[in-house]
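Structure assessment
Residue-level listing of the chains:
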Amino acid sequence: MRNTALFSMRNLRLGILSAGALVFLAPYIWMISTAAKSREEIFSSSLTLLPQHWALWENLAKAFTRVPMGQLLLNGLIVCGLIFFFQVVIAIPCAYAMAKLKFRAAQTMMTLVMLGLLIPIHATALPIYVALNKAGMLNSYFALSAPFFISVFGIFLFLQFFRAMPDDLISAARLDGMSELAIVNRVIVPNAWPAVTAFAIFSVVAHWNDLFWPLIVITGTERATPPLGLLFFRAAEAGDDYGALMAATLIITLPLVAAFLLAQRRFIEGITLTGLKG
Amino acid sequence: MREIAVSGPLPADQTTARQAAIRAARREERVAWQLAAPAIVLIIVLILLPTLAVFVFSLTNYELGYDDFQFVGLDNYIELFGDRTFLISLKNTAVYTAIVTPFSVFIGLGVALLIESETRGRAFFRTVYFLPVASLLVAMATVFQYLLHPTIGPVNAMLSMLGIAGPNWLGSSSTVLISLAIIGIWQSVGFNMVLFLAGLTAIPRELYAAAEVDGAKGSWERFRLVTWPMLGPTTLFVTTISVINAVKVFETVKTLTEGGPNKSSEVLLWTIYQEGFVYLRVGYASAMTVIFLAFLIVLMLVQYRVLDRRVHYT
Amino acid sequence: MSAFALRNISKSYGTNSILNDVSIEAEAGEFIALVGPSGCGKSTLLRIAAGLDHGDAGSIWMGDREITAEHPADRNVAMVFQSYALYPHLTAEQNIAVPLAMRNLSTLQRMPFLGRFMAGRSTTQAAIKQQVLATATSLKIDHLLDRKPGQMSGGQRQRVALARALVRQPGVFLMDEPLSNLDANLRVHTRAEIVDLHRRTGVPTIYVTHDQSEALSMADRVAVMMGGRVLQFAPPAEIYDNPRHIEVAKFVGSPRINIINATTSDDGAVFFGGKAVVNGVTGPVGTLVQLGIRPERIKLKPHGAKGIAATVSRLEFLGSEVLVTTEVDGVEDGLVVKAAPVDVVHLSAGAPVTLVIDKDACLVFGQDGLRVPLRAPAKVSVDA
């Protein structure tokens, strides 16, 4: 009795999970399927997943020729790289000072950080845009990345992480003759990899996917990031060639999804860590 | 400090120690400042000053392209509350948030509970539900546009097989917010799920054993007695994050509807974007931004208050 | 002139005094233990000695060189931390090499990649490698050199930490409870090893511990600290047999010393159980005093013998000895007696016994906790 009840409970659970999974995967399945279909087939609005005539290469070719897809991906990489580099280089020493050094401004800094956590880019976008405009620096990698060089969230995350590091380790480093900067470079950073990876995932996911800010500061495809490039592509295609459009979304979604699938443990841990700390 | 209060001349060695202490403290302070300086400067330049500037702009009639502007006091705010578009925008944002938040929180919780209690395929399901978080939202919104296409979209094709005439999901003012909300839910469930999973693993196993010994037999009773109360802080946190993210909805609106049809998907950030960066009415858009910021701050304050008062399990 | 000295060190945080005029010195080759309950200031004192912390007053000397104001790294001190504080990302070899690399390689030479092209780097590095290997061999950890701390046991980590301290040939060794993270067996074993290492190197050592038996068994001299003061600084036997303060008497020795409240009578005699157990206490008649008697200095006699009547309340068998807790009239907590197992085979809880106190062993403390001087050597004039 109990066994069969248990068995059916499990099956019910599995059933619900599987049905949900199918719903969650449906967009991806249709994206791939549609990217492989020809225009005519798409407009026949049949519900078949497998295309009758494979048009994947044509669609991919369209996606690559109508927008500089390589450039878009490269731009995304450069912008995310710049942002992450500066965020880490600026946040780690600051977090170390706040966590491990006696420092009269530490309390004020903490208030600043908590305040900063409340304020998203959407709130500061207008004045920063005005300033970049006045300086004639719109439409550049600098405009895309500079507003994010400071990550108060990064400071907060590293601060939590460093606080948990033993003070003895830093005392030992001082006795061994390291300067404070050397301690940061040779002791703190090499031991902060879990926090750095978690933050890297958080930062890259956020900025690779961001549309709001690139939309504001970028006007051409030359410096466009992937999401913005996709918008341009849609505009160029009048949004009707769904095959090519899906091929383009496939290309643009793939890098991050592939990275996620390859390192999903890290990814989920990273997001959980950063999510809970946020 | 203390030594100074002592009357009479100080012994020579006492001053050495004190001086060394002061020097070391100063050195540490100086190094700390040096290490924190770049961060401090950038926080001021990129966060504090712009926030302050938004407040100041909101009191002016500044428009980009015109160099002179006047202070107009609270005129922008007064205008805002007579602005039909802004009021619609507020209402739509509220409706969108009211749909997305409960669904994404409870589906996230449900999936987390199912995955936690299921031993088979745990990693697989976790990956599948989390996939949308790692996917480019603009791209996936485009996919949804195709899925929800009134004539060639698979969703309506399936509905018609069931004999239902599917609506014009993104094209009709009665369904557009719901369609956007569905995408919003789809996108955020995975994030909430992993936070709940983390919360669930943090619950000590002994509590379940204790609940069982105390006579909580069914899984519902165990949930009510242990899981739900222990997840209190996580739930509150997930809810706050979900509300904030819903209020910040922008990508899908920009990609799919641009506020239409007939302003029925006009949301706060879209309105701010239009006013500020398309019409370049910086002063007016700043006033909207101030309202937006006020919302976020109130939300966070509410969370802190509730955390202080109610959730005392940690 | 001592090899290493802390003179008149005081430190306070606000009105909270952490150290109060503390002086400790180590002669060449001497092993000093700083012992006291947690919060007594011993670790702070050690950090001040290392230069990681600074006092408000006092001076620190390495031989005739004052190092009060010097950087930790310039003091030529080595420290072994309770948590070992090994760099988790470096191998044992790299860990041990850090102090040498910091001292002997310039900043440019230490740079990753770039450093490789700096003149003289390879010769210095070869020398460092040699020294590290020699030190590691002497501590029998040469087989662990390419492991990281996470791949080592607690005892192995502890040795690597010792090696890192040793390799720099310091003027003084500072050890902050280096054994407290080891399990009991290993701790006793490592105690002997550290003492042995100290003998071989002859480097003066200041060793902080909260474990009085560790302090007594390892050190040449022990400083007992309480509430930021050194109550007594003397060789172990002196500390044990001749404590200058009741707190020292109570802290040192296991089981704890028996304390009895009493008053002085004529001629400075102190009566207990109807007998004068001490004579010659200075001060007026009727002074309240506390008598301290070590458990092993009380003898158990059969009921009815001459002595103090008592009742056994508990027996604790410890192997080589038995602790007998007895109830005695006028002593609130009773008296604990350490006896040989053969002497108690016939005893059980509730049995009446007689206690005989060894009068030479009675320590008299005043109300202020200080030892009360006796007028004459405590000669027994009244028969027990």
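What counts, and where the lines are drawn
Residues numbered from 1 in each chain as written. Chains lettered and ligands numbered in written order. Predicted model: local features only at pLDDT ≥ 70, side-chain atom pairs only at ≥ 80, totals over all residues. Helix = DSSP H or I, 4+ residues; strand = E, 2+ residues; numbered from the N terminus. Expected span 1.5 Å × (residues − 1). Bend = angle between axes of the 7 residues up to and from the residue. UniProt positions renumbered as here; feature names shortened; annotations may be inferred. Pairing = 2+ DSSP bridges. Axes fitted to C-alpha atoms, helices over the stretch in contact; angles between N-to-C directions. pLDDT = per-residue confidence, 0-100. Contact = placed C-beta atoms within 7 Å. Nonpolar A, V, L, I, M, F, W, Y, C, P; charged D, E, K, R; others polar. Domains from an automatic or database assignment. Core = buried A, V, L, I, M, F, W, Y, C linked by C-beta atoms within 7 Å. Buried ≥ 20, exposed ≤ 12 C-beta atoms within 10 Å, placed from the backbone.

**Quick notes on helix α5 (residues 122-134) of chain B**
Over its 13 residues, α5 of chain B extends 18 Å from the first C-alpha to the last, a length consistent with the 18 Å expected when each residue adds 1.5 Å. Maximal helix bending in α5 of chain B amounts to about 30°, located at Val 128 of chain B; proline Pro 132 of chain B follows within four positions.

**What about the UniProt feature "transmembrane region" (unreviewed entry) in chain B?**
Residue and element names in this part refer to chain B. Those places that UniProt annotates as "transmembrane region" (unreviewed entry) correspond, in this numbering, to residues 35-59, 94-115, 127-148, 176-204, 225-247 and 278-302. Taken end to end, residues 94-115 comprises 100% helix and 0% strand; its first and last C-alpha atoms sit 31 Å apart. With 96% helix and 0% strand, residues 225-247 has end C-alpha atoms that lie 33 Å from one another.

**What to know about the sheet that holds strand β10 (residues 229-234) of chain C**
All names here are of chain C. Spatially, the six strands line up as an open sheet ordered β6-β7-β8-β3-β9-β10, and their pairing is mixed. Pairing within the sheet leaves two strands with one partner each, and these edge strands are β6 (77-80) and β10. Strand-to-strand twist of the sheet, defined as the mean angle between neighbouring strand axes without regard to direction, takes the value 20°. Pairing of strand β3 (residues 31-35) with strand β9 (residues 221-226) involves four bridges; the strand directions are parallel. Each residue of the ladder has a partner; that of Ala 33, found in β9, is Val 222.

**Brief notes about the confidence of the model for chain B**
Low pLDDT marks stretches whose predicted atomic positions should not be read closely. Residue and element names in this part refer to chain B. On average, residues of chain B score 85 in pLDDT, and 93% of them are at 70 or above. Per-element confidence in chain B ranges from a low mean pLDDT of 38 for helix α1 (residues 2-5) to a high of 92 for helix α4 (residues 84-117). Across residues 1-11 the pLDDT falls below 50, and counting only partners more than four positions away or on other chains, this stretch makes seven contacts in the model.

**Section: the interface of chain A and chain B**
With 75 residues of chain A at the interface, the matching set in chain B holds 73 residues. The dominant element in the side of chain A that touches chain B, judged by the number of residues it contributes, is helix α1 (residues 2-35) of chain A, at twelve residues. In the side of chain A that touches chain B, the residues fall into 57 nonpolar, 13 polar and five charged.

**Quick notes on the domain arrangement of chain C**
The domain boundaries assigned to chain C delineate domain 1 (4-241) and domain 2 (256-365). Inter-centroid distance (C-alpha atoms) of domain 1 of chain C to domain 2 of chain C is 42 Å.

**A word on the nonpolar core**
Counting 275 residues, the largest nonpolar core has Ala 95 and Phe 158 of chain A together with Leu 34, Leu 174 and Val 224 of chain C as the members making the most contacts within it. Per-element tally for this core: the top contributor is helix α4 (residues 69-100) of chain A, with 16 residues. With sequence-adjacent residues up to four places away left out, Ala 95 of chain A is seen in contact with Ile 155, Phe 158, Leu 159 and Phe 162 of chain A.

**Here's the deal with unusual backbone geometry**
All names here are of chain C. Across the junction of Ser 254 and Pro 255, the peptide omega takes the value 0°, indicating a cis bond. Its identity is not glycine, yet Lys 140 carries a phi of approximately 60°, on the positive side. On the secondary structure map, Lys 140 appears in the loop between α4 (121-138) and α5 (154-166). One non-glycine residue, Glu 177, lies in the positive phi region at around 45°. Along the chain, Glu 177 falls in the loop between β7 (172-176) and α6 (184-201).

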